[in-house]
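Letter by letter, the chains look like this.
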Amino acid sequence: MSDKHLHEKNSVTDLEKDSTSRDDLSVIIPGDRQGWLSHPLARSLLSWGVEERGTVPVPEEERMDTQYYKIFFVWFSMNFNILSFSSGTLGPIAFGLGLRDSCLVILFFNILACALPAYLNTWGPPTGMRQMIQSRYSFGYFGIIIPAILNLIGLCGFNILNGILGGQALASVSSNMSWDVGIVIIFIVALLISFMGYRVLNWYERVSWFPVLIAFLVALGVGGKNLFNAPPAAPASAATILSFASVIAGFVITYSAMASDFTMYYSPTVPRSKIFWYAYLGYIVPIVSLQCLGAAAVLAAPTVPSWNEGYGTEGNVGGLLEAMLSPVGNFGKFLTVLLSLSVTSNIACTLYSICFNFQVMIPAMSKVPRYVFSIVGTVIALPLSIVGAHRFYAALTNFLSLIGYWASAYGAILLVEHHYFRKGDFSTYNHAIWNVPGRLPWGAAAITAVLLSFALIIPCMNQLWYQGPIGITSGDIGFEVAFPLAAVLYIPLRKLELKYQNTQY
């Protein structure tokens, strides 16, 4: 074995065991010198490979992981599941679009929206910071609490939707299993993976996509001929196209707030273009392919009796997939089980990032081990998934549209801060001040820019529950407006903040 490959293997093996070799484990959980980390159970969890590190930045000498391709599989597996499939069905179901128009919107707006989270993935190796910790250098120690809350809502929302879909698909293979039982099974599997942390999570994401690929290929093989039976659709209006686009953008752009959570252990010497393209392809390939397949399948369902029955009146996406696979008998039921478990890749990664958002939202919680919040996130999302299981489509449409607004403004502020004020210099993200409120930006400029941008975002909204005076004629252009407006507003506000705070980079 070459020295290079030996180094890579050792770096991955030792990555999560670094804390067990320390005499002062309080560097992993600040302030815990004689607390939980000294408990035998905590020591045992560390020795078993459970990741302890929460929001504490990774020092440069500990960023040793050189298996950069893993980030492709993290995002690929997270999005190669039935949630991507179901979000594609919204074009025809919620907005009345035909297959051609749905697929064009899916392709074009994903090409644009995937760029922001892919780019923020490149910030992990040079900073060694979680995404929300990086954001403190724009939003401040206390100001970042607001984005952390919004991100927590978004992450929990994704888990709820994934739990519903996975539970429906799992229950569809057996008349003796209810949706509720299926949802519980999905969350237990995802919790176990998330609890272990970075190393197990990366391993699972590298292998979980393959059975899902087999299942979708079989579905195409036995039912692909029916996808051409979609009835013709009425010509699409600009308003419906832009409203569907806001849903598509909301699906992927919110990954921006968790992007570097999975790249902070990578060596800072990695070319940033490599991380960008691994991440970008990890987003766009599964999302575009499955969203287009979802749009085609739901349009064809009324023309295929078994598909129409499986889909039902409640929009049972799992039932639709089970019906597509039914021609291969019991093997089809087995593949449906694999498809149901595909959502665990997304839920596990989301639970992982939820941990850090809790610790940023309430800084005192940094003393609580990371994996505890995986349990908390599960406890929150599980009952809500069960309650919302029969109102899936209304929840999905509203949720994906709404979360795109704040995430677009958030991403714009990070980019302006980094490139305009910090001149693209990652050395200005000083590890010594990551948890020192007085030395971080106040955050007033960032929060004010976001709030002021909503003065124009709200009139540009076009939701089922609210239609703004601009959005009602143009379609929903809220996320398109949020990005440039927040960026423009942030520049003078940040200059004013720097003048009074007297901070030097």
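It should be noted that the structure appears before, not after, this text.
This section reports on the structure supplied with the text. (Residues numbered from 1 in each chain as written. Predicted model: local features only at pLDDT ≥ 70, side-chain atom pairs only at ≥ 80, totals over all residues. Heavy atoms only, no water.)

## Observations concerning the overall build of the protein chain
Phase 1 of the analysis: Across its full length, the protein chain holds 25 helices and zero strands.
Phase 2 of the analysis: Relative to its 505 residues, the protein chain shows a buried fraction of 60%.
Phase 3 of the analysis: Considering only residue pairs separated by 6 or more positions, the protein chain has 84% of its internal contacts joining residues 24 or more positions apart.
Phase 4 of the analysis: Here the protein chain displays about 18800 Å² of accessible surface, and carbon together with sulfur accounts for 68% of that area. (Helix = DSSP H or I, 4+ residues; strand = E, 2+ residues; numbered from the N terminus. Buried < 20%, exposed > 50% of the residue type's maximum accessible area, 1.4 Å probe, protein only. Contact = heavy atoms within 4.5 Å. Areas by Shrake-Rupley, 256 points an atom, 1.4 Å probe, with all protein chains shown as cover.)

## Looking at the packing of aromatic side chains
Phase 1 of the analysis: Per the counting criterion, the structure on display carries 37 aromatic pairs.
Phase 2 of the analysis: Between Trp277 and Tyr280 the ring centres are 5.6 Å apart and the planes differ by 80 degrees, which places this aromatic pair in the edge-to-face class. Linking Trp277 with Tyr280, this pair stays in helix α16 (residues 272-300), spanning three residues, or about one helical turn.
Phase 3 of the analysis: Taken together, Tyr69, Phe72, Phe73, Phe76, Phe80, Phe85, Trp209, Phe210 and Phe216 form an aromatic cluster joined through their ring pairs.
Phase 4 of the analysis: For the cation-ring pair, Arg130 lies above Phe356, with the distance from its terminal atom to the ring centre recorded as 3.8 Å.
Phase 5 of the analysis: Lying across the ring of Tyr420, Lys423 places its NZ or CZ 5.4 Å from the centre. (Phe/Tyr/Trp six-rings, centres within 6.5 Å; stacked < 30°, edge-to-face > 60°. Lys NZ or Arg CZ within 6 Å of the ring centre and 35° of its normal.)

## Concerning the packing of helix α11 (residues 145-171) against helix α20 (residues 343-361)
Phase 1 of the analysis: As a packed pair, α11 and α20 sit with axes 9 Å apart at the nearest point and diverge in direction by 160 degrees. As summarised for this structure, α11 and α20 are arranged roughly antiparallel, according to the angle between their axes. As α11 packs across α20, the resulting crossing turns out to be left-handed. Residue-level contacts link Ile145, Ala148, Ile149, Asn151, Leu152, Leu155, Cys156, Asn159, Asn162, Gly163 and Gly166 of α11 to Val343, Asn346, Ile347, Thr350, Leu351, Ser353, Ile354, Asn357, Phe358, Val360 and Met361 of α20. (Axes fitted to C-alpha atoms, helices over the stretch in contact; angles between N-to-C directions. Parallel < 35°, antiparallel > 145°, perpendicular 65-115°, else oblique. Left-handed = near helix turned anticlockwise from the far one by under 90°.)

## A look at a nonpolar patch on the surface
Phase 1 of the analysis: Taken together, Ile146, Ile149, Leu150 and Ile153 make up a surface patch of nonpolar side chains, about 330 Å² in accessible area.
Phase 2 of the analysis: Tracing the chain through its elements places Ile146 in helix α11. (Patch = residues over 30% accessible without salt bridge, like charges linked within 9 Å, V, L, I, M, F, W, Y side chains within 5 Å. Salt bridge = Lys/Arg side-chain N within 4 Å of Asp/Glu carboxyl O.)

## Here we look at the environment of Met258
Phase 1 of the analysis: As for its position among the elements, Met258 is in the loop between α15 (238-253) and α16.
Phase 2 of the analysis: Residues contacting Met258, with those up to four places away along its chain left out, are Trp75, Met78, Gln131, Leu155, Cys349, Thr350 and Ser353.

## With respect to the nonpolar core
Phase 1 of the analysis: Core analysis: the largest hydrophobic core is formed by 149 residues, its most contacted members being Trp75 and Phe216.
Phase 2 of the analysis: Per-element tally for this core: the top contributor is α16, with 15 residues.
Phase 3 of the analysis: When sequence neighbours within four positions are dropped, the list of residues in contact with Trp75 reads Asn121, Tyr255, Met258, Ala259, Phe262, Ala279, Gly282 and Tyr283. (Core = buried A, V, L, I, M, F, W, Y, C linked by side-chain atoms within 4.5 Å.)

## Looking at helix α18 (residues 317-325)
Phase 1 of the analysis: A large share of α18 lies buried, amounting to nine of its nine residues.
Phase 2 of the analysis: Within α18 the residues assigned to the buried category are Val317, Gly318, Gly319, Leu320, Leu321, Glu322, Ala323, Met324 and Leu325.
Phase 3 of the analysis: In this structure Asn316 caps α18, since a side-chain oxygen of it lies 3.2 Å from the backbone nitrogen of Gly318. (Polar contact = N/O pair within 3.5 Å; in protein donor to acceptor, adjacent residues only side chain to side chain.)

## Some details on unusual backbone geometry
Phase 1 of the analysis: The residue Lys423 is not glycine, and still its phi comes out positive at about 55 degrees.
Phase 2 of the analysis: Counting through the fold element by element, Lys423 comes out in the loop between α22 (392-421) and α23 (444-457).
Phase 3 of the analysis: Overall, Lys423 belongs to the exposed group, its relative accessible area being 65%.

## Concerning helix α25 (residues 478-501)
Phase 1 of the analysis: Here α25 is 24 residues long and its end C-alpha atoms lie 32 Å apart, about the 34 Å a rise of 1.5 Å per residue gives.
Phase 2 of the analysis: At Tyr490, α25 shows its maximal bend, which comes to roughly 30 degrees, and the proline Pro492 appears one to four places after that position.
Phase 3 of the analysis: Among the residues making up α25, those that are buried are Gly478, Phe479, Val481, Ala482, Ala486, Ala487, Tyr490, Arg494, Glu497, Leu498 and Gln501.
Phase 4 of the analysis: Trailing α25 by a residue or two, Asn502 shows a phi angle of about 55 degrees, which is positive. (Expected span 1.5 Å × (residues − 1). Bend = angle between axes of the 7 residues up to and from the residue.)

## What about the packing of helix α14 (residues 209-223) against α18?
Phase 1 of the analysis: Closest axis-to-axis distance for the α14/α18 pair is 8 Å, and the angle between their directions is 60 degrees. Regarding the angle of α14 to α18, the classification is oblique. The segment α14 lies against α18, with Ala215, Phe216, Val218, Ala219 and Val222 engaging Leu321, Met324 and Leu325.
Phase 2 of the analysis: Taken together, the residues of the contact of α14 with α18 sort by class into eight nonpolar, no polar and no charged. (Nonpolar A, V, L, I, M, F, W, Y, C, P; charged D, E, K, R; others polar.)

Remember that the coordinates give geometry; whether it matters functionally is a separate question.
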